[in-house]
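Structural characterization, general
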Amino acid sequence: MTRMLTLCAGLALAALGHADADTVLKLDARADTPAPQTGHIKLGTARAPNGETLAVNNQYLLRDGGPWLPVMGEYHYSRAPAAQWDAQLRLMKAAGIDIVASYVFWNHHQEQPGAFNWQGSRDLRRFVQLAHAAGLQVVVRLGPWVHGEARYGGIPDWVVDAMPTRGNDAEYLGHVERLYAEIGAQIKGLLWKDGGPVVGVQLENEYNLRGPGRGEEHISALKRLALKAGLDVPLYTVTGWDGAVYPSGEVIPVFGGYPDEPWAKSEKELPPKETHAFRFNTRVSGDLGAQTKSHGAGTAETDKDKVPFFGAEYGPGLPAMYRRRTLVSADDVASMLPVQLGSGVNLLGYYMFHGGRNPVGVGGTGLEESTLSGGYNDTPRISYDFQAPLGPDGQQRPVLTKLRPFHYFLRDYGARLAPMIVRQPEQVPANPADLRTLRWSVRSRGESGFVFVNNHVRQYPMPAHTAVRFEVRLPGGALSLPSRPVDIPDGAYFIWPINMDLDGVLLRHATAQPVARLDAGAQGIVHVFAATAGIDAEFALPEGVRTWAPDAGTLHQIGSTGGRAVSVMLLTPAQRDQLQILDLAGQRRLFFSEQQAWVADGKLQLRGTGTQPLRAAVFPALPRPRAVGLQIHQDGLLQRLELAADATADLALQIHATRAAGHAPRILKGGLAGAAVQPIPEAFATAATWSLKLPARRAPAVEDVLLEVDFVGDIGRVFHGTRMLDDWYYNGQRWQIGLRQFALTPGAELRLAVLPLRADAPIYIDAAHRPAFAAGQAQMAELRGARLLPVRQVSITP
């Protein structure tokens, strides 16, 4: 293998002779990869009863002794109906999530002194059990302060009113001890050491407070209380950004980044964010909205070489905040992934992967963060949509289709990536605002590695980089790729392999992104790649460079191993976005569908919105798929499944205006941010209202019904009688509400209220969605449309 790599590198060097007109981007990856170090981080019990181990060194996680690079997604059980959990956890697993994380909001469980509430949607134990059944590991974020856009950061009012918090006050720690003991009792027997899914806990959140009884002392005290409560887990974490302080070696810092800052005060577009720029000397990625200000460098800066680079809060969406209504695109989010992985992240964690809704407190008290209760931000009373990949009612958002291929890549090739270290190019952007220099990096170990490229920055056009080739100096010589220069267009982002072993076949390089490895049974081993939009897909193989047109229906055999074919399947960008990889009928299979697909009770579940047919293409084929009305035909490699459209699920909504808008009061500035604050409750007397009457009959064979509202105004609210079902800050995104959870009767009447948006409102809305006020128009409260969307789900026996 070494001779082959050296020969390949020599051939690549010879090819450099005709590159005079090329833009050759250079990087030196010859330095040795440092050996992983252990002993600094104090772990809990790492061995499960079946002998499986979970450990960590200063570079990466190890599962059963091998490198593990998992994907973690946040889903708040107490912000979701308990009836939803099972299907949604399985959807997360199908999307490539390995670990589900959740805050425990103290004020959701003990809003008043006395007994804790662990029932219904607050049943942590059942949530963890369902996660285990879905094949997910779990990280419990204990608090006691969690932020999470919650009232007092999740600490109950009665605690905040009576004593100092977030420090080693004896009375406060006494109540925290009881909280941790309650959590410990809920998940007793479900820890990793018991054969359960709980692999880690997080202590506090965004903790940068210093002084007596604070800082390292407080985090140490919380860890002692967690251990006393029986929370003996392999991993203990804290958030590491915004100058966080913690006892080095006792916990592992986790990091994050978001594509915009709804917590900022600016009423204009922000400068380019650090989350779209590779980082070579720090792990902290800009302002993540901590509620307290740091007073110096945090422990994470001095811990950098002692602990692995873990992520917990890379934002696949953004929270709704009153003064700044950011709406991110799927590419704004997905383009962060090559950047984070190419900057060394070895646990990819999202906040939030699944949206939710805040419970209503005792007496109707809002449990959201609000300036009325001293919060830095105003957030909706109920909605916690977060523009998440999975909406509050399980809706598949476009961003999910962009993220899944990266997750599948990490699941199959993450063990190769995790031990690779970050290599810095000779020329890098001077700062995040430098948009002219191509953003790229390499992670490598020895002769193998991956090239990471990002040419997308939210709200900023990027220059096309023409006639580009990469020259990577490896220990065995320089490798130049691709064989011919390529143009990297505005908006492109990707991962390309270098000297990748495809089951015994050496792929010197490819201008396509590896996605998955599939044992296809009789059809051999298939490595799935996705074409990079606008760039020809070339594969440099031992017999030469091949260029293929992408098509999921074609296998390109490149060799064999153990008498079995080794092939490449190259997907188009559209096929990549439809890809969902599931274990079904004893085999891992590729499913291509615009609908959501997952496995439950040994059956394929397909879920779609609207009345369109449900379709999926499968490889390898299912042995004998069965469902009422299912049509099956073989299309080359792909088995195609289709269930016809259901016209009976078409639902009519009766809409009529009931009250015209009054004159909305001027929006004031104030609060801790000194920026626009949400109008007081009495201001909603000026809201325009509409009646939304549901059909008199239930639609047959419908799993749920989404109410979709398209309005322009300041704040929208939907009521059934006097009960508020949901609320929404206008930002240009369609507002959807799943109605099944409310158990409404047929023919029920809902009321939509829209507070007018004033033309002089000192709030930020993205330019594409900013309302255009006519000359002299003082405010706007319009309902552009509302409709009911049936959600159809079918089970297919394989």
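Described below are features of the structure shown in this document. (Residues numbered from 1 in each chain as written. Predicted model: local features only at pLDDT ≥ 70, side-chain atom pairs only at ≥ 80, totals over all residues. Heavy atoms only, no water.)

1. Considering the packing of helix α6 (residues 170-186) against helix α7 (residues 216-228)
Put simply, α6 and α7 touch, their axes get as near as 9 Å, and they point 40° apart. Between α6 and α7, the interaxial angle falls into the category oblique. In the crossing of α6 with α7, the sense of the turn from one axis to the other is right-handed. Seen from α6, the contacting residues are Y172, L173, V176, E177 and Y180; seen from α7, they are H218, A221, L222, L225, A226 and K228. (Axes fitted to C-alpha atoms, helices over the stretch in contact; angles between N-to-C directions. Helix = DSSP H or I, 4+ residues; strand = E, 2+ residues; numbered from the N terminus. Parallel < 35°, antiparallel > 145°, perpendicular 65-115°, else oblique. Left-handed = near helix turned anticlockwise from the far one by under 90°. Contact = heavy atoms within 4.5 Å.)

2. Quick notes on helix α2 (residues 85-94)
Summarising burial for α2: seven of the 10 residues are buried, a large majority. Every buried residue of α2 is accounted for by W85, Q88, L89, R90, L91, M92 and A94. Tucked into the core, α2 has its buried residues touching β5 (71-74), β6 (99-103), α4 (124-133), α11 (398-417), β29 (579-584) and β31 (596-600). G96 sits one or two positions beyond α2 and adopts a positive phi of about 95°. (Buried < 20%, exposed > 50% of the residue type's maximum accessible area, 1.4 Å probe, protein only.)

3. Focus on the packing of aromatic side chains
In the structure shown here, the tally under the stated rule is 26 aromatic pairs. Aromatic side chains Y384 and F386 sit 5.5 Å apart centroid to centroid with 55° between the ring planes, which places their arrangement in the tilted category. The interplanar angle of 35° and the centroid separation of 4.8 Å between the aromatic rings of F539 and W548 together place this pair among those described as tilted. In this structure, F539 and W548 share a single accessibility class: buried. Taken together, the ring pairs in this structure connect Y103, F105, Y258, W263, Y351, Y384 and F386 into an aromatic cluster. Taking the ring centre of W68 as reference, the NZ or CZ of R63 above it sits at 4.9 Å. In this structure, R324 packs its charged tip against the face of Y764, placed 4.1 Å from the ring centre. (Phe/Tyr/Trp six-rings, centres within 6.5 Å; stacked < 30°, edge-to-face > 60°. Lys NZ or Arg CZ within 6 Å of the ring centre and 35° of its normal.)

4. Considerations on the sheet that holds strand β4 (residues 66-68)
One open sheet holds the three strands; their spatial order is β2-β3-β4, and the pairing between them is antiparallel. What marks the edges here is a single partner per strand, and that holds for β2 (54-56) and β4. The sheet shows a mean angle of 40° between the axes of neighbouring strands, taken without regard to direction. Direction of pairing for strand β3 (residues 61-63) relative to β4: antiparallel, over a ladder of three bridges. Paired with L62 across the strands is P67, a residue of β4. (Pairing = 2+ DSSP bridges.)

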